[in-house]
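Structural overview for review
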Amino acid sequence: MQNASKAKVSIKGEISTNIPGGDEDCAQSTLGPGATRGCFGPSKWVGTGVVFRTDVRLKLNNVDEWYSDSA
């Protein structure tokens, strides 16, 4: 994420997948104005024709939201 504001923000994230070993917990940290930070899960071979699900949770200044995507 990128902080486009002029204030520091507190961020924390979580990646949840239906692939064993694909989840990741992203540590809470402070993101300064103009700063960019990413959190990535592990790369895993899942085979051809596999439908996977990814849910991403972002906690920003104590507000929690889940975002989902399937590919």
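Because the structure is a prediction, the values reported are computed rather than measured. (Residues numbered from 1 in each chain as written. Predicted model: local features only at pLDDT ≥ 70, side-chain atom pairs only at ≥ 80, totals over all residues. Heavy atoms only, no water.)

1. So, the side chain of Asn3
Within the secondary structure, Asn3 is located in the segment before strand 1 (9-17). By relative accessible area, Asn3 is classed as buried at 5%. Not counting chain neighbours up to four residues away, the residues in contact with Asn3 comprise Lys8, Val9, Leu31, Gly32, Pro33, Gly34 and Ala35. (Helix = DSSP H or I, 4+ residues; strand = E, 2+ residues; numbered from the N terminus. Buried < 20%, exposed > 50% of the residue type's maximum accessible area, 1.4 Å probe, protein only. Contact = heavy atoms within 4.5 Å.)

2. Structural notes on unusual backbone geometry
The backbone of Asn61 shows a phi angle near 50°, a positive value even though the residue is not glycine. Inspection of the secondary structure assignment puts Asn61 in the loop between strand 3 (53-60) and strand 4 (63-70). Phi is positive for Asn62, close to 70°, though the residue is something other than glycine. Note that Asn62 resides in the loop between strand 3 and strand 4. Overall, Asn62 belongs to the exposed group, its relative accessible area being 66%.

Function cannot be inferred from these measures alone, as they are strictly geometric.
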